[in-house]
Amino acid sequence: MNPPSTILVTGGAGFIGSHACVELLDHGYELIVVDDYSNSSSQVFSRVERVAGRFVGTVYELDIRDRRALAAVFDRHSVDAVVHFAALKAVGESTRMPVEYYDTNVGGTTTLLRAMHEHGVHHLVFSSSCSLYGDGDGDGGPLGEDAVVGPGSPYAASKWACEQILADVCRRIPGFTVMALRYFNPVGAHPSGLLGEEPRGTPDNLMPCLAQVAVGRRERLHVFGDDWDTPDGTAVRDYLHVMDTVEAHRIALEHLGDMPGMHVYNLGVGQGSSVLEVVAAFQEACGRPIPYDIAPRRPGDVRERVADATAVARDWGWRPRRNLAGMCRDAWRFQQLNPSGHAGSARQTNRKRVTSCG
Ligand code: UD1
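Residues numbered from 1 in each chain as written. Predicted model: local features only at pLDDT ≥ 70, side-chain atom pairs only at ≥ 80, totals over all residues. Heavy atoms only, no water.

**Quick word on the overall build of the chain**
Per the secondary structure count, the chain includes eleven helices and 14 strands. For the chain, the C-alpha radius of gyration of 19 Å lies close to 21 Å, the compact-globule estimate for 358 residues. For the chain, the spread of C-alpha atoms along the three principal axes comes to 55 × 45 × 40 Å. Put simply, the chain has 358 residues, and 57% of those count as buried. Considering only intrachain contacts with a sequence separation of at least 6, the fraction spanning at least 24 residues in the chain is 82%. Counting every atom, the chain has about 15000 Å² of accessible surface; 47% of that belongs to carbon and sulfur. Measuring between centres, the 35 positive side-chain charges of the chain sit 6 Å from its 43 negative side-chain charges. (Helix = DSSP H or I, 4+ residues; strand = E, 2+ residues; numbered from the N terminus. Rg over C-alpha atoms; globule rule 2.2 N^0.38 Å. Buried < 20%, exposed > 50% of the residue type's maximum accessible area, 1.4 Å probe, protein only. Contact = heavy atoms within 4.5 Å. Areas by Shrake-Rupley, 256 points an atom, 1.4 Å probe, with all protein chains shown as cover. Lys, Arg positive; Asp, Glu negative; His and termini not counted. Charge placed at Lys NZ, Arg CZ, Asp CG, Glu CD.)

Shown next, in the form of structure tokens:
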């Protein structure tokens, strides 16, 4: 099968979604993008267009749970496949707002599936998460796709519920194909410095925290625990450059025609870095010291989470190409060039809005 040419990207204004738009535009795909901007801004698209040197395509502001609005998008466009990023993703917040997380992440996915099926679209790349492995196997070894599942938060449980729904749909509907990509820790930014991670409010994740300390927006980094059973006592994660992450999505699209059904792949480097190793790499990238203190462990954290990503290398030949130094360099470049985020972009492009059917 030829690669699909018109792709619906949900959540295309977000961190990974916006980088994916660039990657797909660079490879000749036509895009339809939907986003509700609940954790992003439409201004990112002028930057996507600058980087890609192409019009992004038609962008709709809509909530993924809005069945009529979503159906109207499928009515208007001939979509070949969907890349589904739209979701709420803050683990801590999910413990405080579980219903909102299940409603958006699970309800949004079922609404999308219904619209896809009604319009004969049966190819999906799904944004999943390594957080559904919970504590992992406990031995600190790399986690394969068959590792024990044990979601430790409503966010992780919502991703696991989506995967189970998708597997059921693939069993029920002949020809339905899903590539579920379980990301480990995507970080970094586009090398242009125009696109990057822009969390609203106080960032939860390590890399944006580091960038904000380095640029002087935050006084110091709190390192959550130095008493883990790891070489330097700080927790170990598998950090993956966002550009490698989105390349995997583009390759996933190319493989949707290989074999129908549900396919699950880990996306990671397969190598762990401790918090202090990331701090050291970031200091090297920004050329200034990062003040930090040791704080208590963060509730819900685990000692180590590293991917066994051999399946995706074996099946698709995908391997990450960027290292931790490159991730820090690109994240730092974005932070330096955009102290107030994407809001600094001037040009607004003309967008259609669909808020209800017809
Ligand atoms: C988190 C999510 C995970 C999500 C991933 C996206 C949790 C429990 N999990 O993973 O579902 O897929 O983000 O990248 O939140 N750290 C500090 N100080 C900070 C921030 C973080 O020491 O200010 C430490 C954390 O304790 C952890 C490591 O840095 O050991 C990485 O943290 P983070 O970037 O939040 O990612 P995860 O917790 O691995």
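**Here we look at the environment of valine 44**
Relative to the helices and strands, valine 44 is located in helix H2 (residues 44–52). Using a relative accessible area of 1% as the deciding quantity, one classes valine 44 as buried. The spatial distance from the C-alpha of valine 44 to the C-alpha of phenylalanine 15 is 9.6 Å, given a sequence separation of 29 residues.

**As for H2**
In terms of residue burial, H2 counts as a mostly covered element, since seven of its nine residues are buried. Val44, Phe45, Ser46, Arg47, Val48, Glu49 and Ala52 are the residues of H2 that are buried. Buried residues along H2 sit in contact with helix H1 (15–26), strand S2 (30–35), strand S3 (58–61) and helix H11 (324–337). After H2 finishes, the residue glycine 53 shows a positive phi value of roughly 70°.

**Here's the deal with the sheet that holds strand S5 (residues 123–129)**
One open sheet holds the seven strands; their spatial order is S3-S2-S1-S4-S5-S6-S11, and the pairing between them is parallel. Edge strands, defined here as strands with exactly one partner in the open sheet, are S3 and strand S11 (261–267). On average, each strand axis in the sheet is tilted by 15° relative to the strand beside it, whichever way the strands run. As judged from the four bridges shared by strand S1 (residues 6–10) and strand S4 (residues 81–84), these two strands associate in the parallel manner. Bridging from a neighbouring strand, isoleucine 7 pairs with alanine 81 of S4. Packing of helix H6 (residues 154–172) onto the sheet brings it into contact with S5, strand S6 (177–183) and S11, and relative to S5 it is tilted by some 155°. (Pairing = 2+ DSSP bridges. Axes fitted to C-alpha atoms, helices over the stretch in contact; angles between N-to-C directions.)

**Structural notes on the site of the ligand**
Near the ligand there are 20 residues, and of these Leu206, His222, Arg237, Arg298 and Asp301 occur at the shortest range. Between the ligand and asparagine 185 there is a distance of 3.0 Å, counted from an oxygen atom to a side-chain nitrogen or oxygen. The contact in question runs from an oxygen atom of the ligand to an N or O atom on the side chain of asparagine 205, over 2.9 Å. Elements with a contribution of two residues or more to the shell around the ligand: strand S7 (185–187), helix H7 (206–214) and strand S8 (221–224). (Near = heavy atom within 4 Å. Polar contact = N/O pair within 3.5 Å; in protein donor to acceptor, adjacent residues only side chain to side chain.)

**Considerations on the pattern of salt bridges**
Tallied over the full model, the rule gives 18 salt bridges. In this structure, arginine 65 and aspartate 103 form a salt bridge, with 2.8 Å as the shortest nitrogen-oxygen distance. Here arginine 65 is found in the loop between S3 and helix H3 (67–76), whereas its partner aspartate 103 is found in helix H5 (residues 98–118), with 38 residues between them in sequence. The partly exposed category is assigned to aspartate 103, whose relative accessible area is 39%. Between aspartate 244 and arginine 322 there is a salt bridge whose closest N-O contact spans 2.7 Å. Of the two residues, aspartate 244 is situated in helix H8 (residues 242–254) and arginine 322 in the loop between helix H10 (310–316) and H11; the sequence distance between them amounts to 78 residues. Each of the salt bridges in this network shares a partner with another, and the network as a whole consists of Asp63, Arg65, Glu100 and Asp103. (Salt bridge = Lys/Arg side-chain N within 4 Å of Asp/Glu carboxyl O.)

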